Amino acid sequence: MKLIILDRDGVINQDRDDFVKSVDEWIPIEGSMDAVAFLTQAGCTVAVATNQSGIGRKYFTVQDLTEMHAKMHRLVRQAGGEINGIWFCPHTDADGCGCRKPKPGMIEDILERFNAQASETWLVGDSLRDLQAIDAVGGKPALVLTGKGKKTLSQHGHELPEHTQVFDSLLDFSQYIMQENAAPDAV
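Residues numbered from 1 in each chain as written. Predicted model: local features only at pLDDT ≥ 70, side-chain atom pairs only at ≥ 80, totals over all residues. Heavy atoms only, no water.

A. Layout of the environment of Met178. Among the secondary structure elements, Met178 is positioned in helix H7 (residues 170-186). Overall, Met178 belongs to the partly exposed group, its relative accessible area being 30%. Once the C-alpha coordinates of Met178 and Phe60 are considered, the two residues, 118 residues apart in sequence, prove to be 36 Å apart. (Helix = DSSP H or I, 4+ residues; strand = E, 2+ residues; numbered from the N terminus. Buried < 20%, exposed > 50% of the residue type's maximum accessible area, 1.4 Å probe, protein only.)

What follows is the structure, encoded as structure tokens:
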């Protein structure tokens, strides 16, 4: 099984400096729903791992988050894709939890749930902390230049984990995975 873990804000949907707080503020990035559909059609299991400290900061509730995720599921399914699970950390940095990226707690839980090998698992994110979380378990980091991705590359390019691959968007990443999957069949 090929497991792909996606960060949410800035990768799947538009990010906001003041947090995505409601279903109305949850707006997909152009091409991201198709990207998840392409990954699904390529036989990938798709999971989401997202820091949501807005809950801990009382900017929105778990119910608000559930409504945002229901919208995301609906739009992904309409495009022909499937998200097989969503993990979120509601904590702030001050809570010192083990699940908030860059700590690998969520990633470890996802790997265990799907019985996946870290070395074969991608995490697609737009921030250094996303890439550090997958690197901590020996997985494959992919930086997208949507969301905070361009800023991450310009400010932290020298800190990116070794072997980080950079893509313009989740859609471009999905095309890479589809070509990678097709390559052995073409030989």
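B. Here's a closer look at the pattern of salt bridges. What the rule picks out here adds up to 11 salt bridges. Between Glu82 and Arg77 there is a salt bridge, with the nearest N and O atoms lying 3.1 Å from each other. Owing to a relative accessible area of 46%, Arg77 belongs among the partly exposed residues under this scheme. By sharing partners, the salt bridges in this structure join Arg16, Asp18, Lys21 and Glu25 into a single network. (Salt bridge = Lys/Arg side-chain N within 4 Å of Asp/Glu carboxyl O.)

C. Focus on the state of the cysteines. Counting across every chain of the model gives zero disulfides. Free cysteine Cys97: the closest other cysteine sulfur is in Cys99, separated by 3.6 Å. On the basis of relative accessibility, which here comes to 15%, the residue Cys97 falls in the buried class. Unpaired in this structure, Cys99 has its nearest cysteine sulfur neighbour in Cys89, at a distance of 3.3 Å. (Disulfide = S-S within 2.5 Å.)

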